[in-house]
Amino acid sequence: MFLEYVAQALSFTNVLWLTIGSVVGAILGALPGMSADTGIAIFLPLTFNLEPMTGLITLGAIYVTASYGGNITAVLINTPGTSDSLFMTLDGYPMTVRGQGLQAVGITTVSAFIGGIIGSVVLLFIAPPLAQIAVRFGPLELFLTTMMGIVIIVGLSKDGMLKGLISAMLGFLCAEIGLDGITGMTRLNFGINQLYDELPLLPVVLGMFAVSQVMILVAEKRKTIAIGEEAIKGSAIIPFKEQMKMLTTNVWSSIIGTVVGIIPGAGTTVAAGISYNIAKKTDPNPDTFGKGNKRGLACVSAANNGVVGGSLVPLLTLGIPGNGTSALFLGGLLIHGLAPGPKLFSQHASIAYGLIFGILAANFFILLIGMFGAPIYAKITKVPNSILIPVVGAFCILGAYTFRNMAFDMLVILVFGIIGYYMTRANFSMAPFVLAFVLGKNVEIQFRRTMQLLGGNFAETLFRPLPMALLAIDLIFLLSPFWPDFKRWLDRKKNAQAA
Amino acid sequence: MTTKPEKKEFNYNYLSVIFLYIWAGAFLFSATSIKDDASRMFPTFISIAAMVLATVLLIKTYRSKAGNKETMDFSGSREAVIFALILLLYIGLAALVGFYFSTPVYLYVTMYLLGQRNHKLMAIVAVSMPLIIFLFFDLLLGMQIPMGMLAEWI
């Protein structure tokens with residue numbers, strides 16, 4: 001029966017649209033201002049006239065390759081195409097600056113491929129039973145899970161934890177603007193009608209990362225992005241031996257990404273944060289993280305693309321989107337008259353499995369785009385800054401506008417670009433800000449629901465295995481950066497007592 | 001012969017603290033107008049937490065010894081601010097006359113200010129970018145490109 005579904009999924013029409021979706025997705029993901037959300041939103045009406053399977057495969061291909069496409073610009077020009085790729089800049093861009101841009105693209109390509117394949121296989125075989133676990137996540141568990149991502153990123157900036165915390169607080173404040181997630185009343189919009197709903201996500205993230213980066217390039221007055229004449233050395237094809245060295249990292253990061261993707265609201269930033277933290281702690285040279293560590297780059301890329309498959313698990317089995325992008329997928333299903341849930345796999349099995357095989361196949365396009373497109377993408381770093389800066393700036397401004405078709409958002413991107421520039425120069429990490437901004441509203445909703453539950457029944461709500469385990473994990477991530485200092489203090493005390 | 005006193009480097013953390021007090025203070029003030037208690041709680045808590053952390057930063061900065069001062073590089077900020085102003089003008093122009101007319105102007109001017117002197121290349125970039133946007137995003141994908149207020153009046 002599976003072979004029948006595979007044959008249907010890989011018909012000529014489906015492969016053609018799979019190719020179109022993959023190429024478009026990679027381009028959109030790479031362009032600052034565009035994203036998987038943009039691509040899926042644009043293609044939704046275009047899929048009206050297509051067969052349901054073809055339409056969904058196209059949307060799936062965009063989702064897969066857009067998640068990867070953002071990695072390329074994050075690695076090569078320190079400008080994540082999407083907020084999902086912000087962790088890429090930590091180790092990817094330093095590699096480019098060292099003249100290893102092609103290698104970095106190669107690493108992220110292979111890792112994204114492995115992450116995508118594992119996520120798709122999980123989606124295929126383990127979707128229904130895994131979704132049962134996610135159903136047990138109540139408000140407290142969701143609150144602790146989303147806090148995990150923020151705690152991790154603050155903990156990563158150990159030497160500047162105070163500034164990391166401040167950055168996170170400011171991100172939380174910005175997330176509060178607009179509609180209250182529970183009462184539906186507008187608040188904190190300072191009388192600005194365009195902020196009635198919320199501070200728009202894409203212009204804020206683009207401003208903080210892309211526009212601020214462009215401003216930094218202007219300030220640095222370098223002729224090209226890469227330092228030195230031979231900016232791009234080596235090949236995007238990673239030697240087999242080196243791939244094997246990173247295989248374990250890729251596999252467990254993919255699993256983390258897939259599992260986190262299943263949890264509604266968690267998303268790529270949490271998955272990337274968790275796998276990055278683990279990779280750093282298990283690495284023999286943790287100080288090299290943030291300075292071009294290959295494992296650091298690989299784990300994030302694998303986790304990011306693992307989320308793609310994971311996020312579709314609760315959507316296809318329970319009708320609960322795993323993240324914003326899969327919520328758009330829900331629109332795609334409904335447009336074609338398909339209801340997500342158990343019936344999707346019984347009454348429309350060919351479409352459901354066809355979509356999954358299509359997503360599996362789209363991951364092979366990541367390899368093609370990465371291996372053959374990498375030298376082309378890498379040449380971006382040789383383009384003079386006097387041309388690259390204005391072009392990227394224009395794309396950012398256009399991208400901000402297309403998010404809500406509002407001229408106001410073009411101002412938002414500029415304001416946050418200036419804020420991001422200042423924060424970078426003043427040694428405030430932007431990652432906690434963006435993470436808190438992305439997750440903030442959800443954190444508050446889950447927190448308030450938790451308070452209502454705790455008010456009713458404190459012991460029964462809090463003292464259960466799952467919340468206690470999540471709380472322990474949060475505390476471990478928050479306090480673990482101080483463990484070496486604590487150990488040193490203990491040793492000094494022991495030595496003093498011995499003396 | 002007297003020696004000139006060494007110029008004390010400005011510690012931008014003080015400026016950051018001021019910005020933080022203003023930012024968090026604005027939110028705290030706005031939160032007081034929220035009628036629902038539960039809705040007011042979170043932003044109030046976060047604003048106060050931000051101000052407390054800003055105060056900690058202020059104290060830490062004041063007490064930091066000369067050898068342990070943080071290094072912050074704001075060189076080139078004048079050029080960065082000029083670029084931000086150009087972007088602001090570009091946004092205004094795009095809102096007025098639309099993306100297709102404002103972008104070539106913005107691209108050409110910005111490339112020139114950034115030191116590009118190959119006028120042929122500048123012209124190619126200035127013209128081809130809006131064309132690519134039109135063909136790919138507007139025609140093929142049907143995305144809405146800002147046409148400006150003048151287009152609406154016409």
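Predicted model only: the values in this text are computed from it and were never measured. (Residues numbered from 1 in each chain as written. Chains lettered and ligands numbered in written order. Predicted model: local features only at pLDDT ≥ 70, side-chain atom pairs only at ≥ 80, totals over all residues.)

A word on the overall build of chain B. Along chain B, the regular secondary structure elements total six helices and zero strands. Moving toward the C terminus, one meets the helices and strands of chain B in the order α-α-α-α-α-α. The buried share of chain B, reckoned over its 154 residues, is 25%. Long-range pairs, those at least 24 residues apart, make up 56% of the contacts in chain B between residues at least 6 apart in sequence. (Helix = DSSP H or I, 4+ residues; strand = E, 2+ residues; numbered from the N terminus. Buried ≥ 20, exposed ≤ 12 C-beta atoms within 10 Å, placed from the backbone. Contact = placed C-beta atoms within 7 Å.)

Below, the discussion takes up the nonpolar core. Core analysis: the largest hydrophobic core is formed by 173 residues, its most contacted members being A:Met169, A:Ile397, A:Ala400, A:Ile413, A:Val434 and B:Ala50. Broken down by element, this core gets its largest block of residues, 15 residues, from helix α4 (residues 52-77) of chain A. (Core = buried A, V, L, I, M, F, W, Y, C linked by C-beta atoms within 7 Å.)

This paragraph deals with the interface of chain B and chain A. The partner chain A presents 47 residues to the 57 residues of chain B that form the contact. Within the residue set of the side of chain B that touches chain A, elements represented by two or more residues are α1 (12-31), α2 (37-63), α3 (77-97), α4 (99-113) and α5 (119-140) of chain B. Among the elements that make up the side of chain B that touches chain A, the one with the highest residue count is α2(B) (13 residues). Across the side of chain B that touches chain A, the residue classes break down as 39 nonpolar, 13 polar and five charged. (Nonpolar A, V, L, I, M, F, W, Y, C, P; charged D, E, K, R; others polar.)

It is worth spelling out the domain arrangement of chain B at this point. Along its sequence, chain B is carved into domain 1 (12-66) and domain 2 (77-153). On a C-alpha basis, the centroid separation for the pair domain 1 of chain B and domain 2 of chain B is 38 Å. (Domains from an automatic or database assignment.)

Helix length check: α2(B) (27 residues) gives 39 Å between terminal C-alpha atoms against 39 Å at 1.5 Å per residue, within 8%. Residues B:Ser39, B:Phe42, B:Pro43, B:Ile46, B:Ser47, B:Ala50, B:Leu53 and B:Ala54 constitute the buried set of α2(B). (Expected span 1.5 Å × (residues − 1).)

So, about the environment of A:Leu368. Note on placement: A:Leu368 falls in helix α16 (residues 349-378). Residues A:Leu368 and A:Thr109 lie 259 residues apart in sequence; the distance between their C-alpha atoms is 9.1 Å.

So, on to helix α8 (residues 161-175) of chain A. When the terminal C-alpha atoms of α8(A) are compared, their 21 Å separation across 15 residues agrees well with the 21 Å that a helix rising 1.5 Å per residue should span. With 13 of its 15 residues buried, α8(A) lies for the most part within the structure.

Let us look at unusual backbone geometry. All names here are of chain A. One non-glycine residue, Leu-188, lies in the positive phi region at around 55°. Positionally, Leu-188 belongs in the loop between β2 (186-187) and α9 (201-220). Look at Phe-190: it is not a glycine, yet its phi comes out positive at around 55°. For Phe-190, the position within the fold is in the loop between β2 and α9.

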